[in-house]
Amino acid sequence: MSPEIADRKQKLSRAEKWLFAAPLLVGLTFFLMPSGQNVISAYYPQRLVGHTNSIYAVKFSPDGKLLATGSDDGTIRVWDVQTKATKYVLNSPSWWSGIDFSPDGKIMATGGQNKNITLWDVATSHKLKSWTAHQAGVESVVFSPIDPIIASSGWDGSVKVWNKNTGRLIKTLFPDRAGTGMGPPINTSYAAKPIAFSPKGDVFAGTDLIVAKGNSKSMIRFWNTKNFHLDRTIVIPNYQNEIWSFCFSPDGRKLAVYGGDILIFDPALGHIISKMEANGFALKFFPDGKHLAGTNMGSKSTVDVFSLETKLAARAFSDSDNIGSNHRLDISPDGSTLAFGVYSETKNTDVELWKIDTTPEH
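On a predicted model such as this, the values are computed, not experimentally measured, just so you know.

1. Remarks on the sheet that holds strand β22 (residues 272-276)
At step 1: Within the open sheet, the 4 strands sit side by side as β19-β20-β21-β22. Their pairing is antiparallel. Each having just a single partner strand, β19 (245-248) and β22 make up the two edges of the open sheet. Direction aside, the axes of adjacent strands within the sheet are offset by 15° on average.
At step 2: In the sheet, strand β21 (residues 262-265) pairs with β22 via 4 bridges, with the strands oriented antiparallel. Bridge pairing links isoleucine 262 to methionine 276 in β22.

And the structure:
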């Protein structure tokens, strides 16, 4: 080791030293956030090569060992995160945009342009069950963390909850047309609504955009999962953007909303806790509940990592030169890896895995 490198190594942060313990990494990008000794480090991405068109869905399994990605090329690829190899490929004549794993990791639910929800055995890749869920493509599918329930949202504007064991419809929460007392047609320009269960599974939430007389109101509706009765609605003040994404914090006490700026809510009281300037599509809390990752709708593929404490962001630039806006991401259950896929206007459609460290230095 040269004297110059040896001197630099003495000045390394705790996070940087990890690089010398893993010399096979091809590079390293650092992002320092002025929040005391809080250091965010991002290690240059490893690539998962196989998709030939835009990435519409990215999801880690509950144990973090697998990553499922859905694409406009008509395939879902399930990857071994450790070896970076494709474990198996599921084929369809159309795109896939919704993927989720059951809480025990044994079943994978998928949805896409064929209007169906399909359940797969994760270990064998065998199809378990499939049923028509919507009158248009399925955008999102999510498992309840506690009940045998799957929720879905579709491009017909509807949100529905299903019994995962039988495929039976339990309730339609958003209709595909107006006329139920909920106002005029909802989300007219973005019909498929983001949806999520709270971490405890006692609350289900979905977004809404009411357009009337030239004005629009963004809101989030909350249902009690015991009977799926509508409990409350949060109308977001001075926020007329479509909500592209939202997520609960791991303890369920915060709700992050992404439709331009990032707003952090108390979901129980409906109060805005904080606001961070941003312009992105996908959003995800880190397991520590103190950081958020959000894709950036700029001219190049980027991911911002936000500190809720400082409201500042560190930016990781992809080197793929992908140009696109609707980037998809997920974070591994242990918070160490960020998976990133791009709705791309170029031919480079690799999935990137970034090693991320958000733990404070002592």
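2. Here's the deal with the packing of aromatic side chains
At step 1: Under the definition given, this model contains 7 aromatic pairs.
At step 2: Judged by centre distance (5.8 Å) and plane angle (55°), the ring pair of tryptophan 131 and tryptophan 162 falls under tilted. Placement of tryptophan 131 in strand β10 (residues 127-132) and of tryptophan 162 in strand β13 (residues 159-163) is noted, with a sequence separation of 31 residues between them. In terms of burial, tryptophan 131 and tryptophan 162 fall into one category: buried.
At step 3: When the centroid spacing of 6.4 Å and the interplanar angle of 65° are considered together, the rings of phenylalanine 204 and phenylalanine 228 count as edge-to-face. Pair noted here: phenylalanine 204 is in strand β16 (residues 203-212) and phenylalanine 228 is in the loop between β17 (215-224) and β18 (229-235), with a separation of 24 residues, a long-range link.
At step 4: Phenylalanine 204 gets classed as buried once you look at its relative accessible area, which sits at 0%.
At step 5: A network of ring pairs unites the aromatic residues Phe174, Phe197, Phe204, Trp223 and Phe228 as a single cluster.

Conventions adopted
- Residues numbered from 1 in each chain as written.
- Predicted model: local features only at pLDDT ≥ 70, side-chain atom pairs only at ≥ 80, totals over all residues.
- Heavy atoms only, no water.
- Pairing = 2+ DSSP bridges.
- Helix = DSSP H or I, 4+ residues; strand = E, 2+ residues; numbered from the N terminus.
- Axes fitted to C-alpha atoms, helices over the stretch in contact; angles between N-to-C directions.
- Phe/Tyr/Trp six-rings, centres within 6.5 Å; stacked < 30°, edge-to-face > 60°.
- Buried < 20%, exposed > 50% of the residue type's maximum accessible area, 1.4 Å probe, protein only.

Any link to function would need more than the numbers given here.
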